[in-house]
Amino acid sequence: MEAPRLYSTKRVQSLKPTKKIPLEEDPTKASDALPLPFHLTNAVFFTLFFSVVYFLLSRWREKIRTSTPLHVVTFSEIIAILAFFASFIYLLGFFGLDFVQSLVFRPSSDDWIAEDEEEENEVLLAKEDARKVPCGQALDCLLPPLPPAAPIVTAQKVFDEKPVTVLTEEDEEIIKSVVAGTTPSYSLESKLGDCKRAAAIRREALQRLTGKSLSGLPLDGFDYESILGQCCEMPVGYVQIPVGISGPLLVNGREYSVPMATTEGCLVASTNRGCKAIHLSGGATSVLLKDGMTRAPCVRFGTAKRAADLKLYLEDPDNFETLSVVFNRSSRFGRLQGIKCAIAGKNLYIRFTCSTGDAMGMNMVSKGVQNVLDFLQTDFPDMDVIGISGNYCSDKKPAAVNWIEGRGKSVVCEVIIKGDVVRKVLKTSVESLVELNMLKNLTGSAMAGALGGFNAHASNIVAAIYIATGQDPAQNVESSHCITMMEAVNEGKDLHISVTMPSIEVGTVGGGTQLASQSACLNLLGVKGASKETPGANARMLATIVAGAVLAGELSLMSAIAAGQLVKSHMKYNRSSKDVSKGSS
């Protein structure tokens, strides 16, 4: 179904050039309930406030002069104290909160449009199409200029499915100011106090600036409040990615239905076949070997000797407890595990490793590192901090340090696939799989100079699960480090297959994990949020599930290649001739 469009395809015609107020807005003011006119009420409370303040200060000064205890108060002083609080609360309520709200939530009328006090609320009617030929969803179309006198009506769909007409004469002025550059696009949320409206205005301004249509990019049906200040800035819509389910995946005696968000045909089906083979063989065993996120700042000294002095200090076991106390102040879950240093001339790279609970932990470890750097500045005042990250971590880049030392969760997962399952489900033989794995995943990768890429397609599965569960997709780079091993066992009848993944970087709290769709996928796996019993248990379980799904994906793809089915399968499932951009509305 075609996604709802930002603006109506009908031409807007108004009964009268007026502005429409929001449906929920109540014109009644708090001041209407006051028995006196507003300015007289303000004068009374202003006078009362300053009078009682002067009276109390005079009384307390007299008590200090006569050595009378301040806590001994007369009836008149009690009345004055009550009057002080009453007048203070009034002034705070009518002026303080209103002033703060005007700064945070309300747009400035001076910046955008002048208010017309004679305007009345009218219903704007959409009559006929402003565009003679509608744009296709997948085509770039030039947008014709809209008549300046006609306001734009946006038919927006809210989550309760009740259509709400957004006021657009004011929106049109805002759009023009964004296009002209007088109103920054990034400031719309703070000025309007409405994230959905800000996204719609930014979207229309972008279309006018570029002359390209965004009609195929959905706007409605998404909670823009949930991403404000944490997931995505300056949104203009959202991208739809289908989510498929592989499974049940049987790992460590538990079954999991694994969500995979992908646009690649065959991927979910292939992983699902691997899950079936694992299940029929009694399930896989997944073991977590290590759990620690890293951050490595770069610091510089005047000489290499001074850099070596700090290296020796940091790696001295006698100093670790002191450094741990300083580091651990950053979080109740972050606990320093170790420090590894590397010198390049007079530059020192310090790789901190710490536990992070159920969070992926980049921010947590960064705060701890900053605490330690501030602490070290006392004993090493000549230390120049070049950057909180010096790429010795290493984040979002293929690196040998992650392949060797690990980063995030280090997991190994294995299963013995019965010979009958290899023949009947995977349509190949144990001997063919073992030979293919040696020549492709091991020898072929070595010939290519691969770094952590001794596998068939681990990144396919990792990326799909990461997108579905709200992980950082860019960390698929090091999280997909994997070596796939295959060996014939039980006198050559069965297949032992394992995947070793030293740097799976996942979390079940923070970032995109709290968005509705991603949270639902985590809930499906039973790892949503933080573990109440054992901090970090949910994130560790998610890492073992990722490794199990990679095991299933490796098993199925390698079998398809060994049986000569790869091209045939992709031609069948990944070569659709249907033009989905012309879906019916």
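Residues numbered from 1 in each chain as written. Predicted model: local features only at pLDDT ≥ 70, side-chain atom pairs only at ≥ 80, totals over all residues. Heavy atoms only, no water.

J.: I'd like a rundown of the layout of surface pockets, residues and numbers included.
T.: Considered as a void within the structure, the second largest pocket measures approximately 1,200 Å³ in volume. Elements represented by at least two residues in the lining of the second largest pocket include exactly α9 (362-379), α13 (458-469) and α15 (516-525). Sort the elements by how many residues they give to the lining of the second largest pocket and α15 lands first, with four residues. A breakdown of the residues in the lining of the second largest pocket according to their chemical character gives 23 nonpolar, 17 polar and five charged. (1 Å grid on protein atoms, 1.4 Å probe; cavity = no way out; pocket = protein on both sides within 12 Å on 5 of 7 lines; lining within 4 Å. Points joined across faces, edges and corners; volume = space filled by probe spheres on them. Helix = DSSP H or I, 4+ residues; strand = E, 2+ residues; numbered from the N terminus. Nonpolar A, V, L, I, M, F, W, Y, C, P; charged D, E, K, R; others polar.)

J.: Describe helix α5 (residues 195-210), with residues and values.
T.: In this model α5 runs 22 Å from its N-terminal to its C-terminal C-alpha over 16 residues, within 8% of the 22 Å that 1.5 Å per residue would give. In terms of residue burial, α5 counts as a mostly covered element, since twelve of its 16 residues are buried. When α5 is considered as a whole, its buried residues turn out to be Cys195, Lys196, Arg197, Ala198, Ala199, Ala200, Ile201, Arg202, Arg203, Glu204, Ala205 and Gln207. Its side-chain oxygen placed 3.2 Å from the backbone nitrogen of Lys196, Asp194 serves as the N-cap of α5. Positive phi appears at Gly211, one or two residues downstream of α5, with a value of about 70°. (Expected span 1.5 Å × (residues − 1). Buried < 20%, exposed > 50% of the residue type's maximum accessible area, 1.4 Å probe, protein only. Polar contact = N/O pair within 3.5 Å; in protein donor to acceptor, adjacent residues only side chain to side chain.)

J.: Describe the packing of aromatic side chains, with residues and values.
T.: This model, assessed by the stated rule, comprises ten aromatic pairs. Between Phe49 and Phe84, the aromatic rings sit 5.5 Å apart at their centres with planes inclined by 25°, giving stacked as the arrangement. Here Phe84 lies in helix α2 (residues 75-104) and Phe49 lies in helix α1 (residues 38-65), a separation of 35 residues in the sequence. For Phe84, a relative accessible area of 25% translates into the label partly exposed. (Phe/Tyr/Trp six-rings, centres within 6.5 Å; stacked < 30°, edge-to-face > 60°.)

J.: Which residues make up helix α7 (residues 304-314), and what values go with them?
T.: Residues Ala307, Leu310, Tyr313 and Leu314 constitute the buried set of α7. Angularly, the buried residues of α7 cover 120° about the axis, an arc narrow enough to put them on a single face. Exposed and facing more than 90 degrees away from the buried side of α7 are Lys305 and Leu312. Residues of α7 that are buried sit in contact with β8 (298-300), α8 (317-327), β9 (335-344), β10 (347-355) and α9. (Arc of directions from axis to C-beta. Contact = heavy atoms within 4.5 Å.)

J.: I'd love a proper account of the confidence of the model for the protein chain, names of residues and values included.
T.: Confidence in the prediction for the protein chain averages 83 pLDDT; 77% of positions are at 70 or higher. Scored below 50 in pLDDT, residues 1-27 makes 77 contacts in the model with residues more than four places away or belonging to other chains. Predicted confidence for residues 103-166 stays below pLDDT 50, and this span has 137 contacts to residues more than four positions away or in other chains. (pLDDT = per-residue confidence, 0-100.)

J.: Describe in detail the nonpolar core, supporting the description with residues and values.
T.: Among the nonpolar cores identified, the biggest contains 52 residues, and Ile278, Ile417, Ile504 and Val550 are the most heavily contacted of them. Top contributing element to this core by residue count: helix α16 (residues 537-562), with twelve residues. Contact partners of Ile504, with chain neighbours within four places excluded, come to Arg407, Gly408, Lys409, Val411, Tyr466, Ser479, Ala543, Val546 and Ala547. Counting residues in hydrophobic clusters, the runner-up holds 26 residues, among them Phe327, Leu336, Leu373 and Leu376. (Core = buried A, V, L, I, M, F, W, Y, C linked by side-chain atoms within 4.5 Å.)

J.: Tell me about the pairing of strand β14 (residues 482-489), residues and numbers included.
T.: In the sheet, strand β13 (residues 453-454) pairs with β14 via two bridges, with the strands oriented parallel. Paired with Gly453 across the strands is Cys482, a residue of β14. Pairing between β14 and strand β15 (residues 494-504): seven bridges, direction antiparallel. Across the sheet, Thr484 pairs through a bridge with Val499, a residue of β15. (Pairing = 2+ DSSP bridges.)

J.: Provide a residue-level description of the pairing of β15, including the pertinent values.
T.: Here β15 lies mainly inside the structure; nine of its eleven residues are buried. Here strand β12 (residues 408-417) runs beside β15; their pairing, made up of eight bridges, is antiparallel. Paired with Glu414 across the bridge in β15 is Ser498.

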